[in-house]
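This is what each chain is made of:
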Amino acid sequence: MLGSVPHPAASDQLDELLQALNPPQREAVTWPGGPLLVLAGAGSGKTRVLTHRIAWLIGTERARPGEILSITFTNRAAQEMRERVELLLGRDTRSMWLMTFHSACARILRAEAPRLGYTRTFTIYDQADSRRLVKRCLDELGLDTKRYTPAAIQHQISAAKNWLRSAEDYRQLVGDHFETIVADVYQLYERDLHRMNAMDFDDLLLRVVNVLELFPEVKARYATAFRHILVDEYQDTNHAQYRLLQLLSGDEDNLSVVGDDDQSIYGFRQADIRNILDFQDDFPAAKIVRLEQNYRSTQTILSAANAVVSHNRGRMGKSLWTDVGEGDPIVIRELDDEHAEARYVVGEIERIVDEGVSRAEIAVFYRMNSQSRVLEDTLVRREIAYQVIGGTKFYERSEIKDAIAYLSVLANEQDVISFQRIANAPRRGIGQTSLSRVLSHAETVGITVWEAAAGAALVPGLGTAAVRALDRFMATMSSLRDRAVQDVPVGDLLEAVLHESGYFEWLEAERTIEAQGRTENLHELIEVAREFDAAAASRDDAMRPLEAFLAQIALVADADSRRDDEGLITLMTLHNAKGLEYPIVFIIGCEEGVFPHSRSIDEGSLEEERRLCYVGITRAMRNLTMTYARRRAVFGAHAMGLASRFLSEIPPDLVEGGSNAAAAAGPQIRARPHSWAQTQTEAPPSDLRMGDDVVHAAFGEGVVTGVEPGGIVVVRFAGDGSERKLMAGYAPITKR
DNA sequence: CGTAAATGTTTTTTT
DNA sequence: AACATTTACG
């Protein structure tokens, strides 16, 4: 209908556009300009508001397509937005900036990065690359990577960057010993990144803010170019993103943000819920529109979601309603362990599918990716087609990362992390020792790794075998680079890389199923490159094909590969589920310690877990089932589970079995608040407490310094001062 | 330098 | 339990 209208500028077509909206939606869509906050409850049509607003801005000639910047968090959301706007406008939207924060920033930086001392061909490091670099820095500083784990340090650095704190800023704020270490690593890490002409994910945001703050003329240029900025999922913005929007939105503050404080679930990534809570303080003139009518779920599901999230404090307050009716009650099931849970869920799925429901209408959500495994086993055994979203992503597979590392080195010869990765993959006799000699030679002489490796004979300490291996390797690489600079199609280049480097041969020689799978993945990557080449003609950016390809895939996530219409059951984490809807939803692993996750209990981020639960529940349109297991294998050991507190926050009259469900099902449905999942062992429970004096048959006298789940006690022995962990039920210890 | 065994680590959630 | 990293040895 609307999609067939070529030019909606005519007023009757605008009327038609607006008629599809309810009054508050229409109010938001037609707000003429200035700051606008749309508080959009789950399923209340927020994407609809965004897309219609874009169409309305263009239709009423308040903005030209090129003057619109519409930001989302995921590529999937961006793509969906583009498709829907295209349908509304009936014309192509290529000149509009409809993209994620990270892609928009990468695009700006490809033009502006030289101002910060990077070239346009800078490499984007993902979290794994970044972590590897952090580890290198730790090694370089002679720090123990067990005491200071790269993951923890990297997280700290990432957090600092999201708060726009440079290494120097961070050092000023150091409070304890750990932070001093982080400050040292951060400084070195930044130096290395810059030397390698590389940026991590956080840099993409941070560096754009830097450029805009340092160069007023650049800021003015972009702020003028983007006359209207629209932001989706505003509750998930962090400080860097907040600042970025501030810089870009210019004097008119034509900033429309859409979000739901109850769906803020990215605090661990420094998302700052205050950005949405304080929007009115930041922009006193802001118009605020609330969307509370839900078009997705039954009233039962909405009531459950409302009830759960009402346990949170500090909300803007909002209550979803619908006029579609009560619907079916929510099902809550207790199972023995994760296998029984999987069998139950899959059994129910089979039953529902037999009734004629399409598999594409069913989704299973869980807290952690690791929970998908058992479910997958069961689905495979019952021969039910499924897809898993997220988890080990295509672009995180080692063979894919190897292939991309080859391309990165060809595009950016300073990229040490990638060079390190490929130098001996496949094995070609360039071991750890030789490689670090080359790297340190490059460092001391002040040349790139590429140059150092190409002149292997000049590297001190290298054996003749190593020199010959390096010469051969670099001959191959040079030949490949010759083709790269001639801009041969990326697909051809990649294929040449994988053949001439000996990578394919290497995999073939393994003769294993896994190697075969890896080969297939690589061919898939070549296919991706060929598609990229085919689309190259329609791209107007001035980038070289190889650079453009690398830039594009660096920001692609697996979640973008979701397919809806193929008769597949969908499995994903609750985080990945945001923004989606399914008629039939299962949420598994609703146990204390799993969901809410034990770490969020420790860190006091329970409210965020509760919001995650709210997100999960509100994905369901017709039927919702929540399950938990009394026992679950964690790290290979068995752990006892108690029903999640969130289950007890759902009013019993919404649950199958009626208001007396809790009584009928026994205590298992009622979570004991503040109880913990405990590790179960065969060992009898011990009555040892912290501080008890004990005697051990072999180690002698000691004192209990800690009690851990699973009947494990930590004892410090007087004899040698050692601290040992013992199984209280088994170890020959007695209390004195 | 490469392989195999031993040891250690991981499981929050993601652009 | 599965995977990565480190160590020991040929």
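Source: prediction; values computed, not measured. (Residues numbered from 1 in each chain as written. Chains lettered and ligands numbered in written order. Predicted model: local features only at pLDDT ≥ 70, side-chain atom pairs only at ≥ 80, totals over all residues. Heavy atoms only, no water.)

Undergrad: I'm lost on the overall build of chain A in this one. Help?
TA: Across its full length, chain A holds 31 helices and 22 strands. Put simply, of all contacts in chain A between residues at least 6 apart along the chain, 72% involve residues at least 24 apart. Total accessible area computed for chain A in this model is approximately 32,700 Å², and 50% of it derives from carbon and sulfur atoms. (Helix = DSSP H or I, 4+ residues; strand = E, 2+ residues; numbered from the N terminus. Contact = heavy atoms within 4.5 Å. Areas by Shrake-Rupley, 256 points an atom, 1.4 Å probe, with all protein chains shown as cover.)

Undergrad: For this particular structure, what's the right way to read helix 6 (residues 127-140)?
TA: Because each turn of an α-helix spans 3.6 residues, side chains separated by three or four positions end up pointing in the same direction. Its 14 residues give helix 6 an end-to-end C-alpha distance of 20 Å, which sits within 8% of 20 Å, the value for a rise of 1.5 Å per residue. Within helix 6, burial applies to Asp129, Ser130, Leu133, Val134, Cys137 and Leu138. Contacts made by the buried residues of helix 6 are with strand 4 (123-125), helix 7 (150-162), helix 9 (177-195), strand 5 (198-200), helix 18 (398-411) and helix 19 (416-422). Put simply, Asp126 is the residue that caps the front of helix 6, since its side-chain oxygen is 3.0 Å from the backbone nitrogen of Ala128. (Expected span 1.5 Å × (residues − 1). Buried < 20%, exposed > 50% of the residue type's maximum accessible area, 1.4 Å probe, protein only. Polar contact = N/O pair within 3.5 Å; in protein donor to acceptor, adjacent residues only side chain to side chain.)

Undergrad: Honestly, empty space enclosed by the protein in this entry has me stumped. Any pointers?
TA: Here the idea is plain: a probe the size of a water molecule rolls over the atoms and shows the empty space left. Following the criterion strictly, the structure yields 4 cavities of 30 Å³ or more and no others. When its volume is computed, the largest cavity comes out at roughly 50 Å³. If you trace the largest cavity, you find it lined by Tyr234, Tyr242, Leu245, Gln246, Leu255 and Phe283. Looking at the lining of the largest cavity residue by residue, the classes come out as 5 nonpolar, 1 polar and no charged. (1 Å grid on protein atoms, 1.4 Å probe; cavity = no way out; pocket = protein on both sides within 12 Å on 5 of 7 lines; lining within 4 Å. Points joined across faces, edges and corners; volume = space filled by probe spheres on them. Nonpolar A, V, L, I, M, F, W, Y, C, P; charged D, E, K, R; others polar.)

Undergrad: Please clarify how unusual backbone geometry should be interpreted in this entry.
TA: A negative phi holds for most residues other than glycine; trans holds for most peptide bonds. For the bond from Ala425 to Pro426, the omega torsion is 5°, close enough to zero to count as cis. Position of Pro426 relative to the elements: it lies in the loop between helix 19 and helix 20 (432-445). Note that the residue after Phe595, namely Pro596, is joined by a cis bond; omega there is 10°. In this structure, Pro596 sits in the loop between strand 13 (582-587) and helix 28 (598-602). Located in the positive-phi region is Gln270, a residue other than glycine, with phi close to 70°. Its place among the elements puts Gln270 in the loop between strand 7 (255-259) and helix 13 (274-277). For Gln270, a relative accessible area of 12% puts it in the buried group.

Undergrad: Where do I start with the sheet that holds strand 9 (residues 331-335) in this structure?
TA: The strands making up a sheet associate through hydrogen bonds between their backbones, and the pairing can be parallel or antiparallel. Pairing is parallel in the open sheet, where 6 strands are placed in the order 9-14-13-10-12-11. Edge positions in the sheet fall to strand 9 and strand 11 (386-388), since each has one partner strand and no second. Averaged over all pairs of adjacent strands, the angle between their axes in this sheet comes to 20°, without regard to strand direction. Where strand 10 (residues 362-366) meets strand 12 (residues 569-573), 4 bridges bridge the pair, whose relative direction is parallel. Counterpart to Phe365 in the pairing with strand 12 is Met572. Most of the contacts of helix 16 (residues 338-354) go to strand 14 (residues 620-629), to which it runs at about 155°, and overall it touches strand 9, strand 10, strand 12, strand 13 and strand 14. Sitting on the sheet, helix 29 (residues 606-617) touches strand 10, strand 13 and strand 14, and the angle it makes with strand 14 is about 130°. (Pairing = 2+ DSSP bridges. Axes fitted to C-alpha atoms, helices over the stretch in contact; angles between N-to-C directions.)

Undergrad: Explain the protein's contact with DNA strand C here, please?
TA: As a matter of local geometry, DNA strand C sits amid Lys135, Arg373 and Phe635. Separating a phosphate oxygen of DNA strand C from a side-chain N or O atom of Lys135 is a distance of 3.5 Å. (Near = heavy atom within 4 Å.)

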